[in-house]
Structure formats: structure tokens, C-alpha cells
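What follows is each chain in one-letter form.
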Protein chains: 2
Amino acid sequence: MNFIDATTQEVDAAVREAHLAYLSYKNLSGKKKGEFLRAIADEIEALGDTLVQTTMRETNLPEARVISERGRTTGHCRMFAQLVEEGSWVEARLDSAQPQRAPLPRPDIRKMLVPIGPVIVFGAANFPLAYSTAGGDTASALAAGCSVIVKAHPAHAETSELVAGAIKKAGTKTGMPPGVFQHLHGMSFEVGQALVNHPLIKAVGFTGSLVGGKALFDLANKRPEPIPVFAEMSSINPVYLLPESLAKNFEKTAVMLANSITQGVGQFCTNPGLVIAVDNDGLKKYIKRLSEEIVKAPAGTMLHQGIANNYHKRVAETLAQKGITIEAQGAEGSALQGRATIVSVAAKDFLKNPMLAEEVFGPLSLIVKCADINELNAVVARQHGQLTSSIIGEEAEIEKHQNLLNLLKEKAGRLIINGVPTGVEVAPSQNHGGPYPATTDSRFTAVGTDAVKRFVRPVAFQNFPESVLPPELKTGNPLNIWRMTDGNWSK
Amino acid sequence: MNFIDATTQEVDAAVREAHLAYLSYKNLSGKKKGEFLRAIADEIEALGDTLVQTTMRETNLPEARVISERGRTTGHCRMFAQLVEEGSWVEARLDSAQPQRAPLPRPDIRKMLVPIGPVIVFGAANFPLAYSTAGGDTASALAAGCSVIVKAHPAHAETSELVAGAIKKAGTKTGMPPGVFQHLHGMSFEVGQALVNHPLIKAVGFTGSLVGGKALFDLANKRPEPIPVFAEMSSINPVYLLPESLAKNFEKTAVMLANSITQGVGQFCTNPGLVIAVDNDGLKKYIKRLSEEIVKAPAGTMLHQGIANNYHKRVAETLAQKGITIEAQGAEGSALQGRATIVSVAAKDFLKNPMLAEEVFGPLSLIVKCADINELNAVVARQHGQLTSSIIGEEAEIEKHQNLLNLLKEKAGRLIINGVPTGVEVAPSQNHGGPYPATTDSRFTAVGTDAVKRFVRPVAFQNFPESVLPPELKTGNPLNIWRMTDGNWSK
């Protein structure tokens, strides 16, 4: 099926409609917004096998993965529904007036988070459901009270169209203002550019490449009114293997990492692209065992030809770098497939070659062999911002490496002990974000309930009569939410 | 006294020291950080009259104002001390492991806010104490666990030097790592530029002009690693006078606004530079009564010659615009003084002239006369982002103008009913911020406890053994802070 790029006029019309819808949608109760989000989940489920088959056809993802991703998508819609139905997420703060205070009376001030305005969401290639049309960005922005315009990812435009239809149906069924959600197609950068540049747009959500995310970030900052861009872009998710653990657990660790590296043909933002260890007997055993797993790995069909071409090009570039050794490769496969590839390099060569620290999207993983723990620390110090950093170690050994933990905390949004970075739990405690270039704003997460905070800002209400205060801030706490009143939390 | 600009080498040395200090300071307990902040307050007080006299000499501010500003400064140092001693501000979230969950086990994840890294703070001309060396930016960044380098405002370099000495003394007394706070001078833009461009710097705090703040914002976004800039820049703080109230309360309203406009020679970011009303008999009475107050206003000495020159130039520019009428002026005064000036313009001319919507820093206020409520709404729609918007109205009248409130909420960080924007209460409920150009990031406040959130980011800890978890996240809650565990708040 072919979709036609939105024209400049269509972009303008969509944004104006989104703005109008926003002005009434933002004032709906959390209960009404929750109804809408739950209806979205229901309507996505109602698409049944049509959605599963379409997604599979457009993305080459296997059925089990598509079904599980659909579950994650409806799951986060319902999670955000629950969040806004409960209501405490607005961080209400009330400070009482003190009319007698000297030298000046204190006014009554109350504060809460309010939506930021119409939001643009760019569909992600590698999560056609969970980070695209009804993905985490859309669901959290709608939960916040923003209207949303999704620019479909051209690689799965039909899937996107189906999900958009479900969201629109949910909007009609629950009486949402028309235009609260809209869906546009665009193969060209111009459509995205026109959307981000529109003065009525107030924030952007994006998951994709560093080049794409950075271009949107620069565009948004050059507007007469700069707006926040939450772009999740580039991470190689280093895994540090500590020596005592490696000597004992090389087998278990190798199997665990082989699975993580090849899972989903390595097409996850949390794929472990870098493994770092002191070069000793344990590491040799680990590499041997890992290689046994990798050579068995079948070639996996990638999301689309562009991603496969890019993977092949980046693997070839990596192999051409000074000091690179191929440790193991999986089955070769077709032009559309990705071949699992494990390479290694001495830390001294790694430290001299910034290119080796850049993300390769696919099942490539580089082992950095350090002469000693000092060289390992030097590798840590040179890391860019990451979504995750992992340490595999014995508990007593990790306690001895507090300094390493201390440094890694500066470099990543999530630290993992004795686990792999793939598998991003959707939970209030999740942080899917990290220092640049992992994201453009390390202060926010893209996964979990706190993702709603990307699309809100605080507003203080001073000396407001009860009748015009938002329900969240009325004296009697009619919504029964957690609030901080005169410095104390209560409900 | 003359201070010498820091050289590039001095900037680099200071940042490296700040980075080193940060790596140990960030791990100190909230109790230790609180001790440091309280000692800063004590040491500022210990400077006694020397500080008051120096500030008065450098800024032309009267003694009472300087003393009250000092109280505000020591007050917020102690407020942030209390915040970090109590500890719940880190937004701890814990989600338990579910090893039996199908199809995949759920890992243990815990999350908290951690400091972002070394921060640059630029001293503000108009708040030599409360928004300069030990100002809200410095105090909140230190509370967050960041190290701070202050670039002194050249207009009050000696005051800044005195306060810096107090902070350093407090650091020594409470055993802080040397370099956790540093102080540099710089007349030229180059010093600030070198600081913001240094790769080890992770955030910037600024209060000042739109031109200055925007330049820092652009600089920070062009870095190889962009960093957040919290710049509070430009606001004209519109006040809307509703007709019923005006007819009844024109006298009280005129006196209240005359005070707010002339207070501190209008040198507040919350000065009411714009008053908007439907042109009727009430407005005429209001203007008459306001004018009686303004003509009595003595000329006020401004902060420094540059600010006075700029005010005179901007007043002359305003008077030269089409349709501008002078309603009243105060005493003329010297070249270093600002003359209170009330001008008016018809809404139709205002709407055609964007220059009239720009901030004039000083005691100038423009009355926009609207033909009817529709024209008033058109003026609202055209407002830039503001720190505040105020409505003066009868309660019943305000209830009828929900639509106006709804629109104003989109334009400002704080809404005030029957009050003036000047006087920014320091409280958890305060929001001192707003959409661009009021600030560069409307998602954060510069005043109140939540100001700490500008200098932190979340980090998730997955599958961490108790021994290496931060105390805030240990299972037994040893710090006895409010945390969200498996979705529920408890202490």
C-alpha cells in the first residue's frame, strides 16, 4: 500500500486542529482521559490478527515478538490510564496563606503539573507498536493532557495506519475532541521538519538514529520559540565483566550474553554492543564459550533493507579498523539478514579509535581486552552517555569496585548487576534514558510512569478562590490524591 | 576594586577541580550537604555590615532591601539544607522482583534522582545576593549534589567576592572537598563562553537578559554534548483588569499597581510591564488615580549605569511608537536614575507592533485599552511566554472568565488573582519559570524547593545487592524517606 506525504497545508491544518483539541482535552478529568487510554488498548486488541499479520509483513518480526509487543503497547496504555485515574502524578503542592506574617503577609500558593501543549511523535522503526503510533510517547503525552500528531514511520506505514484507526475509534467512542490524535505520513524529512517548526507545537518525542534525533533537536532549538525534544538515539550499553566472576561463571555469562546480543537480530536500543574485561584466562574461556554459541546463531531477517544495508556497512567498517580480530560469526544469510558477529580489540587500540565507541545497530558486539583494572577504568572514563551499563561480578568483588560504580553512574541512565541490558521493564522505577548521545535530555525517562513528565510543566496558582481552582488543588482534596500541604505529604 | 578576568587556563583548572570535587561531594549524605548549606548561611551572616555596605555601594540598592535580600539568601540556603537532610526529594521508586512471573521474571529495579555534574552559575545584576553567588541557583545545585562554579556579575564583583569567601569558609569548616565551590571573574563574554563550552560542565544557571540567556542556550546546544541551560530571561507580567472589579475597586487597584510598578525602581523580573483592560469609565478612573500616584514617585537610582542607559533608551523608543500616549511620569532624576512612566495604547495599535510586547527593564508600564472582551482575548492570544499573569476581578466575574484563565495558563508559570506579580514567595508551591522567552525551559522553577530538580537526573539500579545500593534505596529505608514501593507511597 502506498501512502502520500502530507503537504505543508495538511501539516498546518493538522496542527491547528491539534491545538484546538488540546484546549478542551487538557481540561478533561483524569477519569475521562483514562477511559480514552483504556479504549485505545481495547481497540488495538480488537484489530486482532489483521494487526499482527500486517506488522509481521512490514517489519519481518516473528509472530511471538509482535504479539508480545502488542501486549506491551496495550499494557502501557492501561498503565497510563491508571496513573491519570489515580491522579497523584500532578505533584500537587499547597502552601497556606499567612495573612499575619511580618514584615509581609504570605499569599496562598498552590502548584501542579499541567500539559505542555500539542506534541509531535515520530514512529520508531524497531518498535512498530510499542514505540510508534500508540507507543510510549503517544500514551504518555495523551495521559499528560497533550494532543498528539504521529508521523508514521514509512517502514511500517500500514501498521501505523491500522493503530491510528484504533486510536481514532477510541476517541470517538469515549467522546474525545476530534483532533486530539492525528496521523500523518511522510517519507521525506520535510514533513517532520514542518511539524517541528510549527509555532503551535510544544514538544517532540522521537526514537531512532543519532543523526535523525540530533537533526530534530537542532531544528527545535532554532525555532523562534525553542521547544523540548525528547530523542532517544544511540547507546552501546557496555557490559563490564569482573575477573573473579568470569573465572567462575564464564559459561553462564557467555550463554546469557549470546542470547542478549542476538535477540531480535540485535535491533534493540539496549543491545550490548560493548563488553569490557581484563584480559586473562577467564576472558579466554568466556570468548571460547561465547563463540560456540554465536557460530550456532542463524542469520536473522532485519526490519527493512535500509537497516540491513547499514548493518553490513558498519560491520565491514568495524572489521577494517586497526587491531580488530573476528572472534566468531553466525550464519551469513541473505542481503536482508544480519549475521551475528563478535569481534575483539585491545583497549589501547580502542582508546585511540572513537569510531569503535559508536553504535552499530544489529547483532555486533565488540570485546575490549584491558591489560589491567587501570586500563579498564580508562575505558570507563572515555564512555559516552549510555542508556545502560552492566556489571557482571561476584557480590564481594562488586563491593571492592565501588569506584567503578561511582563512575558508571555518571555515564548511564540504568545500571544493571549480573544481568543484560535487553528487556526493559515497564515500571515506575524504570529509567529508559541517559546522558547524551543516549538521549537529548537525561532528566527524563521514555519508559515507565515517569515518562509522562516529559510533556508537562508546573503552574502555580496564587490567591485563587476555591471556585476556579483545578480539582487537584481544591482545599477539600476532592480527588483524594497525594499532595504536599505546608511541607507534609498527605492524602 | 578591580578584578582580573579568568584566563582560559584558569577556567580549565577550575572546571577540572570542580569535576574532581563533584565525584566525592555527590556521595556525601544529605546530612553533610545540609551542614554545608547551613554553614554558608551562617558565614554570610557573619560578614555583617561589611556585606551590606559593599552591596549598597556596588548596586545602589537601599539598606532595607539589601538586608531583606540577605535574609532571603540565608533563608533559601537553610531551606535547601532542610530538604536534603529530610531526603525524600530524590523521588525514590522501588519495584520488587517477581522471579516467578511468566513469560519472563521481573527484575528488582529501584530508581532515584542523582546530581547531573558540575554546574556553572552566572550572577544576576538585579539580585546581588539572592540570585548571585550564594543565590537560588548555587544553593539548589549544591543541594542536588553538584559542584558549582560562579561567574561573578561584574557590576557587583566585590559583593560576589565577599559571599564566595563565606561559601569557601563554610566548605572548609564542614570538611567539603576543595573545589566544590569556585568563583571566577569575567567582564568579557569569553570567560562565560569557555566555562559553558568545557566538556566537564553539565548544566548552566543564568538570570538576566534575553540576549544573554539565549546566547548561552545556543552555545550549550552547539556543544558536542549539548547540556541543559536554565536561563530566566524576559517577562512583562501582564495584569488583566476585569470591568466589574475596576468599576468598584479602581482606587485600591491603582494604588496596588503603582507600588508594584515602582518597587525597586522596576528592576524585578516580575515587574508588571503590561496592564490590559476594556476601555470604559472604570479604566479612566483607574488611570486617573494611578497617575496621581505615579507623579508623586521619586526618581530611583538604578543598579548601574548600563541598566539606566538601557532604560532611558527603551523608554524613548516606546514613546516614539505609533499610538502611544504618556499618562503619567514621576520625577525625572539624574542619568543614573529611572523615571516611573505610565503609557497607554489602543489594543489595535498594540497588536500591530510586536516591539511593545518586549520587556523594558525598569519602572515603565504600558496600559493596553481594548474595545471589548473579544479584543482583550486577542491580546491574550498574542502574549509570549511569561513568568506570571495576573487577573484583578470580582470572584463571580472571574468565574465567568474561565476561558481567559484557560488561555493564560498556557502563557505563564504563575497565575495570580487579585494580587501583583512582584514578591516571589520561596515555598514548595512556588513556580518561578514559564514558557519561552520567560525561561529556556518551562518544565522547571528557579525558586522554591523544586528548583533542585533542574540539576538532577534519574538513575535506575537493576538487581543491585543491598551492600552497594545507595542508602535512599536500601530495603529497610534507613533514611526514613517517602518512597513509592510497588506503586504505593510510604515512609
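Residues numbered from 1 in each chain as written. Chains lettered and ligands numbered in written order. Predicted model: local features only at pLDDT ≥ 70, side-chain atom pairs only at ≥ 80, totals over all residues. Heavy atoms only, no water.

Engineer: How should I be thinking about unusual backbone geometry in this particular structure?
Structural biologist: Omega for the peptide link from Ala102(A) to Pro103(A) comes to 0°, which places this bond in the cis form. In this model, Tyr436(A) is joined to Pro437(A) through a cis peptide bond whose omega is 5°. Along the chain, the position of Pro437(A) falls in the loop between strand E16 (412-417) and strand E17 (456-462). A positive phi angle, near 65°, is found at Asn60(A), a position not held by glycine. As for its placement among the helices and strands, Asn60(A) is situated in the loop between helix H3 (48-59) and helix H4 (63-86). The residue Asn463(B) is not glycine, and still its phi comes out positive at about 60°. Mapped onto the elements of the fold, Asn463(B) is located in the loop between strand E17 (456-462) and strand E18 (483-485). (Helix = DSSP H or I, 4+ residues; strand = E, 2+ residues; numbered from the N terminus.)

Engineer: Looking at this structure, how should I read the domain arrangement of chain A?
Structural biologist: Quite often, the size of an interface is put as the accessible area lost when its parts meet. All names here are of chain A. Each assigned domain of chain A is listed here: domain 1 (8-233 + 441-485) and domain 2 (239-417). Centre-to-centre separation of domain 1 and domain 2, based on C-alpha positions: 35 Å. Facing 12 residues of domain 1, the contacting portion of domain 2 comprises 12 residues. Summing both partners gives a buried area of about 860 Å² for domain 1 against domain 2, and 59% of it is carried by carbon and sulfur. Ranking the residues of domain 1 by area buried against domain 2 places Asn60, Asn126 and Glu232 at the top, with a combined share of 49%. On the surface where domain 1 and domain 2 come into contact, there are zero salt bridges. The tally of links between domain 1 and domain 2 comes to three residue pairs in polar contact (both at pLDDT 80 or more). Among the residues forming the side of domain 1 that touches domain 2, the class breakdown is five nonpolar, four polar and three charged. (Domains from an automatic or database assignment. Contact = heavy atoms within 4.5 Å. Buried area = accessible area lost by both parts, 1.4 Å probe. Salt bridge = Lys/Arg side-chain N within 4 Å of Asp/Glu carboxyl O. Polar contact = N/O pair within 3.5 Å; in protein donor to acceptor, adjacent residues only side chain to side chain. Nonpolar A, V, L, I, M, F, W, Y, C, P; charged D, E, K, R; others polar.)

Engineer: Hey, could you run me through the pattern of salt bridges in this one?
Structural biologist: A side chain of one charge can pair with a side chain of the opposite charge when the charged atoms of the two come close. Counted according to the given criterion, the structure contains 76 salt bridges over all chains. Among the salt bridges present, the one from Asp218(A) reaches Lys214(A), with a minimum N-O distance of 3.1 Å. Of this pair, Asp218(A) and Lys214(A) are both found in helix H8 (residues 210-222), four residues apart, which corresponds to roughly one turn of the helix. Given the relative accessible area of 24%, Asp218(A) is considered partly exposed. A salt bridge links Asp12(B) to Arg16(B); the nearest nitrogen and oxygen atoms lie 3.1 Å apart. Here Asp12(B) pairs with Arg16(B), and both are found in helix H1 (residues 8-25), just four residues apart, close to one helical turn. (Buried < 20%, exposed > 50% of the residue type's maximum accessible area, 1.4 Å probe, protein only.)

Engineer: I would appreciate a short explanation of the sheet that holds strand E16 (residues 412-417) of chain B in the present structure.
Structural biologist: Two modes of strand pairing occur in sheets, parallel and antiparallel, and in both the strands are linked by backbone hydrogen bonds. If you trace the 12 strands from one edge of the open sheet to the other, you get E19(A)-E18(A)-E1(A)-E2(A)-E17(A)-E16(B)-E15(B)-E8(B)-E9(B)-E14(B)-E13(B)-E11(B), paired in mixed fashion. A single partner strand is all that each edge strand has here, and the edge strands are strand E19 (488-490) of chain A together with strand E11 (325-329) of chain B. Within this sheet the neighbouring strands show an average axis-to-axis angle of 20°, counted without direction. Pairing analysis gives three bridges linking strand E18 (residues 483-485) of chain A to E19(A), with the strands arranged antiparallel. Its bridge partner being in E19(A), Met484(A) is matched across the sheet by Trp489(A). Against the sheet, helix H10 (residues 281-295) of chain B makes contact with strand E8 (239-241), strand E9 (274-278), E11, strand E13 (341-346) and strand E14 (364-370) of chain B, and its axis sits at roughly 45° relative to E11(B), the strand it touches most. (Pairing = 2+ DSSP bridges. Axes fitted to C-alpha atoms, helices over the stretch in contact; angles between N-to-C directions.)

Engineer: Would you mind going over the relation of the copies chain A and chain B with me for this structure?
Structural biologist: In this structure, two copies of a chain are linked by a rotation about an axis accompanied by a shift along it. Laying chain A over chain B is done by rotating through 180° and shifting 0.0 Å along the axis; what remains is an RMSD of 0.0 Å. Overall, the copies show the geometry of a two-fold rotation axis. In terms of C-alpha distance to the rotation axis, chain A has Asn221(A) as its closest residue, with the C-alpha 3.9 Å off the axis. Both copies contact each other with a shared surface, as 100% of the interface residues of chain A are interface residues in chain B too. (Least-squares fit on C-alpha atoms with pLDDT ≥ 70 in both.)

Engineer: Sorry if this is basic, but what is going on with the interface of chain A and chain B here?
Structural biologist: On the side of chain B, 70 residues touch chain A, which itself brings 70 residues to the contact. Roughly 6400 Å² of surface becomes buried between chain A and chain B when both sides are summed, with 53% attributable to carbon and sulfur atoms. Together, Ser429(A), Arg443(A) and Arg457(A) form the three largest contributors to the area buried by chain A at its contact with chain B, with a combined 12%. The interface formed by chain A and chain B contains 12 salt bridges. With a closest N to O distance of 2.7 Å, Asp450(A) and Lys111(B) form a salt bridge. Linking chain A with chain B are 50 residue pairs in polar contact (both at pLDDT 80 or more), by the criterion used here. Elements that contribute at least two residues to the side of chain A that touches chain B include exactly helix H1 (8-25), strand E1 (92-95), strand E2 (109-115), H8, helix H14 (395-400), helix H15 (402-408), E16 and E17 of chain A. The greatest single-element share of the side of chain A that touches chain B, amounting to seven residues, is contributed by E17(A). For the side of chain A that touches chain B, the class distribution of residues is 33 nonpolar, 14 polar and 23 charged.

Engineer: Would you mind going over the environment of Gln98(A) with me for this structure?
Structural biologist: All names here are of chain A. Looking at the element boundaries, Gln98 is found in the loop between E1 and E2. Residue classification places Gln98 among the partly exposed residues on the basis of a relative accessible area of 35%. Along the backbone, Gln98 and Pro298 are 200 residues apart, and their C-alpha atoms lie at a distance of 71 Å. Excluding anything up to four places from it in sequence, Gln98 contacts Pro105 and Arg106.

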